[in-house]
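Architecture at a glance
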Amino acid sequence: MSRRGRYVLILLVGAIVLLSVLGWIVSLRTDYLWYESVGYTEVFSTMMWTRLGLFGVFTLAMAAWTGLNLFLAYRFRPDTWPATPEQEGLERYRDLISPRAGWWIGGAAVIVGIFAGMSAQSRWATWLLFRDGGSFGESDPVLNRDAGFYVFELPFWQFLIGFGFAAVVVGILASLSAYYLYGALRFSGQGDRMTNVARIHLSVLVALFLGLKAVAYYFDRFDFTTQDNPVTGIVGGGYTEMTALMNAKNALIWVSVIAALVILVFSWGFTRSLALPAAALGLVVVTAIAAGGIYPAVVRNFQVEPNRPQREGPYAQYTIDGTRYAFGMEGLETTTYPVASQPDAEAMAQDQSTVPFVRLIDPFVVSDAFTQAQQPRSFYDFNEKLDIDRYTYTDENGQEVTQDFVVGLRELNPSQLADEQQDWTVTHTVYTHGWGFVSASTTESDSGAPCFTSGVLSDDPGNCQIGNDIIDVEKPQIYYGLLNNEYAIVGAPENETPREYDRPIDVAVSDEDSTEEDAEEIGDDRYTTYEGEGGVDIGSLGQRLLYAWEFQEPRFLLSDQINEESQLLYNRNVRDRVQKVAPFLTIEADPYPAVVDGEIVWIVDGYTTTNDFPYSDRVNLAEATNDTYSGQGVANQSAEEINYIRSSVKAVVNAYDGSVTLYEFDEEDPILKAWNTIYGGDLVVPRDEIPAALEAHFRYPQDLFKVQRSLLQRYHVDEARTFIEGSEAWATPSDPSQAQPVTQPAYYVYATYPDQEQPYFQLTSTFTPRNRENALASLMSGYYDENGDPQLRVYDVVGGDDQSVRQIHQIITSTSEVVTTLRDAQQAGTTVEWGNLLALPVGDGILYLEPMYLRRQAGGEGEDLPRLTNVAISYGGYVGFAPTFEEAVDMVVDKYVSGAPSEADQNEGEGEGEAEPTETPTETPTTEAPADPPEVEAAIENVLAAQAAYEEAQASGSNEAEGRALDALLAALDQLEAARQAAGQ
C-alpha cells in the first residue's frame, strides 16, 4: 500500500472511531438530561460510575496480568535457538517484534484488558448487590447459609472465579506463544523440548488453574440448592446431590489442591520428567469422572429411584417450604368450601354480598365499543384491553356506593394519523397528546352498549341510569400512556397562540375541564399548550444540537416551531419509563389508569425477582403469565427464569407531566432494601407515606397472581409424599371463549368470598383436577384487606357436582335457547363473542356467569361495535339465558322451584348414553328410572356427535364450517325432542 493510501486508511479509521466516541458521548449526555428531567440522576450516575469503575479495574487487572506473563516469557527467552526448520520459519516474526517488544507487549495487554473490562462492566448490578446486599433471615435447610448469600454474594464470587480462570488461560496462551516464538518451547529437534524457566512458569500457571478449580469446587456445592432435581423435576438438590455429589465435590477440592502442590514442587527442577505432573492432572480427571459421574449415577439408579418418596421426601419438603416463601405464599390460607348437591337458587337470587356486583361487561370485548363510541377523531384510540377499577361515589339517594368500572384512556395513536398529518412538524408539535379518562359501568349496559359514566366525548352520551361525571378529572390531557411512544415537542412563549391539538369542540363533553388562559378554540377544535415540567429543555442551540444528533433529525435545528420555551417529551410509554427509572424491577405487563385527587395517573406494579433463591422451584415468567390477553393489549413478559418474586413497588406515572414516583409496598423485601441503599437511600417513598386516595386504587398484581397460580397447580400440596406422587395436582383451565387452547385469564371482581365479611376487589381464578378438565377442584382469590395487606386464599370445593368453566360453557352452548340464538346470529351474518366466564361462590353453590356479545361481521362500512345481547348463568346445574342478568336469575329460580331437571343432569344423561352396561342386572330395578327407548338413545348419540362436530368447527375458525355444524346440531336436537315426545317422555 502506498504512503498516501496508508494515510487515507488511518484518517478513515480515525474518523470512524471519533464518530463512534462522539455518538457515545452524545447518548450519555442525553440520557443524563432525561434522568434529570424525571429527578432520578442518582440512578444514572450510580450505574455509569459503577460500570466505568468495573471497566477500569478489570481492564487494568487483565492488562497487567497479560503483560506480566508476556514480559516474563520475553525476559527469559533463550539467547540462542536451535537451527531447525521450525525455528527458521519464525525468524521473520522475531525480527518484526524484537525491536519494539515493549510496544507489542503493551498493545496486546491493552487489547486483552479492554475485552475483559467490557465483559466486567456488564456485571455492575451483580457488584452493587454484592456490596450492599443484606440478609433475608431465611437459611437453606442443608448448608445453613442465609438466602442473602445465594442472592447477593454467590453470583459475584462465581464471576470472580470465572474471571480468574479466563486470566489463567490467557496467561498460559500468552506465555506458550512467546516461549514458542523464541525457542524456549519446541516440538521438534534434539534435546529438551522446554527450558527450565519455561517449565517453571507454565507449571505455576497450571498449578494456579488447579487451585482455582479447588475454589470453584467449593462454591459449586452451593449450586446444589438451586439446580434442577432430575428425580422429582423440581429445584433443589435431592438425596443424590446432597450425599453422593456433595462428597464428590469435597473430594475433588482436596485432589485439586494436592495436584497443584505436586506440580509446583516438581516444577522446580526435582525432575525433568512430566510424568508426575501428568499423573496429578490425571488423578483430578479420574476423580471427577468416578466420584462426580459414576458414583452419583449408581446412587440415583439403585438407591433413589426404587425408593423415591422415602429418599426424596425430606428434600421435596424443603422445596415446598422454600417455594411458598420465595413466591409470597407462606401465608396461603386454604379453606374448604362445601357445595350442596342442589344449592338453593332462591337464596342465590336474594344474595346481597356478591350478586348485586356481578360483572357483566368484559374489558377485552368492549374495547372496540369504547373506541367507536368515544372516538370523535380517528386518531384517538383505546388500548386493545381495557382495565377494571373501583370507585366510590354518591348516588342519587345521597348514599356512598362503591362499584367497579371498566376504565380506559382516550390516547392519541400516531399510527391512526392521516397521511397529511404525518408531516414531522404536525406529528411532533401539533398532535402531541390524547384527551380523557373514560369509564363505564360493569353491571349495566345502554341497550347492549357500554354505559358510560365519565369522560364522555360524544354527540350521543347515552341513557345510563348511573349518570355521567361521577369521576372528576382536572387535567384530562394524556401525554404519557401505552399507545404513543413518539417524542413530542411542546411549549410556547407567553401570549403566543397555542398549537397543540387538544380536543374537538363540535361534540358534547360530559366533564368539561377548567378553562385555561392559554387554550384557544379555532374552528371546531381546541388547542392548548403543555404546562408541565416533565420534559427536557431544548430551548438552547446546544440542546437542540444534541438531540438532532441523538435522533438523527436535522429539523431540531431548522424548525421554527422550537423556541426558548420548548420541551422534549420522550420515553412516553409508561412501562418503559418506569423500567428506566428502576432498572432492577420487572414491570407488570398490564398497567392501569386511575383518577387520584383529580389527576390521571398510571399505576404500575414493580417486582423484584431473582433466580438464585435456595430450594425454591423456578418458573418461566413468559409461560406463567401467558393467557388470552397476552400480546393483545397486554405486554408479553420476557422468557426469564425466576424462583423468587415480590410485589415490592407501586410505581405511579402522572399521565400529564410524566413524573414517576416509586412507592415502597413490601417493607420486608431485602432486594428492594439493597437497591434503595445502592441509590442513596431515598429511591422509594416509604409505604406509610402513600396517600390514602392512591392506595384505594391498588389492586392485587396480575403477573404475581398468575405466577402463584402456575405454582399452586402442584404446590397447594404441603405433604412431600403426596407432592412427589402427583395424585392431587391441579391444572388451570383453558379459556372457553377462545377457539384455540389458551390459559383463561384471571378476573377482577368485586365480591364477597367465603369467610369474608365484606366485598373486596379481588383477582380470581379456578383450578381443575389434572387430567379431569370437566370438574372444578378449587377457587383462588388474591386481594388487599382493609389494612392494605395482600391476602391469598384457596377454596377447595367439596360436595355437590360442580363442573369446570369449560364444562359449563359446553352445557350453556348446548341448551336449546342458546343454540337457537346462535342459529339466528349465523343467519343474520353476525359474530358471537362470549365474554368472561366468571365462577363466583354464592350461597351454598357456585354461580357461573358468561355474557354473550353479538357483533356484525366487517363490511363496507366497517365493523359494528359489540353489543351485550344476552347473559347466561348457571347455578346448581340450572341454566338461565336472557337479555338481562336479572331475567337469567329468574329463569334459574323458576326451574329450581318447579323441580325441573337441570341442564347439567340432562347433559350427564346424554353422556351416559355413550357408555354400555358393565353387567346384566339379575332382577328388575324398582327405584331407578327405566332406560331410554332405543330411538331416544340413538337420538342422544346423534346430539353428542353433532355437538362435538360443532365445537371442532368453532376451533377451526371457519364461519362456513361453523354454520353447517350448527345446522346439524339444531337438526339433532329437533330429532331428540321428537323421539322423546314419541316415547311419552
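Residues numbered from 1 in each chain as written. Predicted model: local features only at pLDDT ≥ 70, side-chain atom pairs only at ≥ 80, totals over all residues. Heavy atoms only, no water.

In this section: the overall build of the protein chain. When you go through the protein chain residue by residue, the secondary structure sums to 28 helices and 34 strands. Counting every position in the protein chain, which comprises 985 residues, the buried fraction comes to 52%. Looking at the protein chain alone, contacts between residues at least 24 apart form 70% of all its contacts between residues at least 6 apart. Here the protein chain displays about 43,700 Å² of accessible surface, and carbon together with sulfur accounts for 52% of that area. (Helix = DSSP H or I, 4+ residues; strand = E, 2+ residues; numbered from the N terminus. Buried < 20%, exposed > 50% of the residue type's maximum accessible area, 1.4 Å probe, protein only. Contact = heavy atoms within 4.5 Å. Areas by Shrake-Rupley, 256 points an atom, 1.4 Å probe, with all protein chains shown as cover.)

The end-to-end C-alpha distance of helix H10 (residues 275–304), which contains 30 residues, comes to 40 Å, matching closely the 44 Å that a straight helix rising 1.5 Å per residue would cover. Listed as buried for H10 are Pro277, Ala280, Val284, Thr287, Ala291, Pro296, Val299 and Val304. (Expected span 1.5 Å × (residues − 1).)

Moving on: the pairing of strand E27 (residues 760–769). Buried residues dominate E27, accounting for 10 of its 10 residues. Both faces of E27 are covered, namely the face carrying Tyr760, Gln762, Thr764, Thr766 and Thr768 and the face carrying Phe761, Leu763, Ser765, Phe767 and Pro769. With two bridges joining them, strand E25 (residues 730–731) and E27 adopt antiparallel strand pairing. Its bridge partner being in E27, Trp730 is matched across the sheet by Pro769. By the bridge criterion, five bridges tie strand E26 (residues 747–751) to E27 in an arrangement that is antiparallel. The partner of Tyr750 across the bridge, within E27, is Phe761. Across six bridges, the pairing between E27 and strand E28 (residues 778–784) is antiparallel. (Pairing = 2+ DSSP bridges.)

For the pair helix H6 (residues 124–132) and helix H7 (residues 147–181), the least separation of the axes is 8 Å and the interaxial angle reads 130 degrees. Of the possible angle classes, the one that applies to H6 and H7 is oblique. By crossing handedness, the relation of H6 to H7 is classed as left-handed. On the side of H6, the interface is formed by Thr126, Trp127, Leu129 and Phe130, while H7 contributes Phe152, Glu153, Pro155, Phe156 and Trp157. Partitioned by chemical class, the residues of the contact of H6 with H7 number seven nonpolar, one polar and one charged. (Axes fitted to C-alpha atoms, helices over the stretch in contact; angles between N-to-C directions. Parallel < 35°, antiparallel > 145°, perpendicular 65-115°, else oblique. Left-handed = near helix turned anticlockwise from the far one by under 90°. Nonpolar A, V, L, I, M, F, W, Y, C, P; charged D, E, K, R; others polar.)

One ladder, built from six bridges, connects strand E3 (residues 333–338) with strand E29 (residues 790–798); its direction is parallel. Its bridge partner lying in E29, Thr335 is registered against Tyr795. For E28 and E29, the ladder comprises seven bridges, and the chain directions are antiparallel. Pairing of Met780 across the sheet is with Val794, part of E29. What sits between the antiparallel neighbours E28 and E29 is a turn of five residues, in which Gly788 has the positive phi angle 80 degrees.

A surface patch of nonpolar side chains, amounting to about 800 Å² of accessible area, comprises Leu9, Val13, Val17, Val21, Trp24, Ile25, Trp49 and Leu52. Every element with two or more residues in the nonpolar patch is listed here: helix H1 (3–38) and helix H2 (41–75). Of the residues forming the nonpolar patch, the biggest block, six residues, is contributed by H1. Along the polypeptide, Leu9 turns up in helix H1. (Patch = residues over 30% accessible without salt bridge, like charges linked within 9 Å, V, L, I, M, F, W, Y side chains within 5 Å. Salt bridge = Lys/Arg side-chain N within 4 Å of Asp/Glu carboxyl O.)

For the rest of this paragraph, the subject is a negative patch on the surface. A grouping of Asp321, Asp718, Glu719 and Glu728 is seen on the molecular surface, where their side chains present a negatively charged patch. Relative to the assigned elements, Glu719 resides in the loop between helix H21 (702–715) and helix H22 (720–725). A relative accessible area of 38% places Glu719 in the partly exposed class. (Lys, Arg positive; Asp, Glu negative; His and termini not counted. Charge placed at Lys NZ, Arg CZ, Asp CG, Glu CD.)

With that settled, consider the packing of aromatic side chains. Here the structure, examined in full by the defined rule, presents 62 aromatic pairs. On the basis of an interplanar angle of 50 degrees and a centroid distance of 5.7 Å, the ring pair of Tyr753 and Tyr795 is categorised as tilted. Taken as a pair, Tyr753 in the loop between E26 and E27 and Tyr795 in strand E29 lie far apart in primary sequence, 42 residues in all. Both residues of the pair, Tyr753 and Tyr795, belong to the buried class. Taken together, the ring pairs in this structure connect Phe58, Trp127, Phe130, Phe149, Tyr150, Phe156, Trp157, Phe159, Phe163, Tyr218, Phe219 and Phe222 into an aromatic cluster. The ring centre of Tyr239 lies 4.7 Å from the NZ or CZ of Arg311, which sits over that ring. When the ring centre of Trp34 is taken as reference, the NZ or CZ atom of Lys580 above it lies at 5.5 Å. (Phe/Tyr/Trp six-rings, centres within 6.5 Å; stacked < 30°, edge-to-face > 60°. Lys NZ or Arg CZ within 6 Å of the ring centre and 35° of its normal.)

Here three strands make up an open sheet; going across it, the order is E12-E17-E16 and the pairing antiparallel. For this open sheet the edge positions go to strand E12 (488–490) and strand E16 (536–537), each flanked by a neighbour on one side alone. Where E12 meets strand E17 (residues 567–569), three bridges bridge the pair, whose relative direction is antiparallel. Of the residues in E17, the one forming a bridge with Val490 is Gln567.

With that settled, the discussion passes to the nonpolar core. One finds Phe556, Leu662 and Phe885 to be the most contacted residues of the largest nonpolar core, which totals 212 residues. Beyond its immediate stretch of four places on either side in the chain, Phe556 contacts Trp424, Tyr487, Ile489, Ile538, Arg544, Tyr547, Ala548, Phe551, Ile562 and Leu568. (Core = buried A, V, L, I, M, F, W, Y, C linked by side-chain atoms within 4.5 Å.)

Below, the discussion takes up the pattern of salt bridges. Scanning all chains against the criterion turns up 22 salt bridges. In this structure, Arg555 and Glu553 form a salt bridge, with 2.9 Å as the shortest nitrogen-oxygen distance. Across the salt bridge formed by Arg721 and Glu725, the nearest N and O atoms sit 3.3 Å from each other. Taken together, the positions of Arg721 and Glu725, both in helix H22 and four residues apart, correspond to about one turn of that helix. Taking the relative accessible area as the measure of exposure, Arg721 reaches 40% and is therefore partly exposed. You can call Glu725 partly exposed: its relative accessible area is 47%.

Relative to the helices and strands, Gly293 is located in helix H10. The exposure class assigned to Gly293 is partly exposed, which follows from its relative accessible area of 36%. Spatially, the C-alpha atom of Gly293 lies 8.4 Å from that of Leu245, the residues being 48 residues apart in sequence.

With that out of the way, let us pick up the packing of helix H8 (residues 196–223) against helix H9 (residues 239–266). Viewed as axis vectors pointing N to C, H8 and H9 meet at an angle of 165 degrees, and their least axial separation amounts to 8 Å. The angle between H8 and H9 places the two elements in the roughly antiparallel class. Viewed along their axes, H8 and H9 form a crossing whose handedness is left-handed. Only Met246, Lys249, Asn250, Leu252, Ile253, Ser256, Val257, Ala259, Ala260, Ile263 and Leu264 of H9 make contact with H8, whose side of the interface consists of Ser203, Val204, Val206, Ala207, Leu210, Gly211, Lys213, Ala214, Tyr217, Tyr218, Asp220 and Arg221. Among the residues making up the contact of H8 with H9, the classes are represented as 15 nonpolar, four polar and four charged.

For Tyr615, which is not glycine, the phi torsion reads 50 degrees and is therefore positive. In this fold, Tyr615 is placed in the loop between strand E20 (599–610) and strand E21 (619–620).

Right, let's get into the sheet that holds strand E6 (residues 400–409). With antiparallel pairing, the four strands of this open sheet are ordered in space as E5-E6-E9-E10. A single partner strand is all that each edge strand has here, and the edge strands are strand E5 (387–394) and strand E10 (449–454). Each adjacent strand pair in this sheet contributes to an overall mean axis angle of 50 degrees, direction not counted. Looking at chain direction, E5 and E6 are connected through eight bridges and run antiparallel. Note that in E6 the partner of Ile388 across the bridge is Val406.

In this structure, Val842 sits in strand E31 (residues 838–842). Between the C-alpha atom of Val842 and that of Ala345, which follows or precedes it by 497 residues, the distance is 9.6 Å. Contacts of Val842, omitting those with residues within four sequence positions, involve Tyr337, Met348, Asp351, Thr354, Val355, Leu847 and Tyr875.

As far as function goes, none of this settles anything; it's purely spatial.
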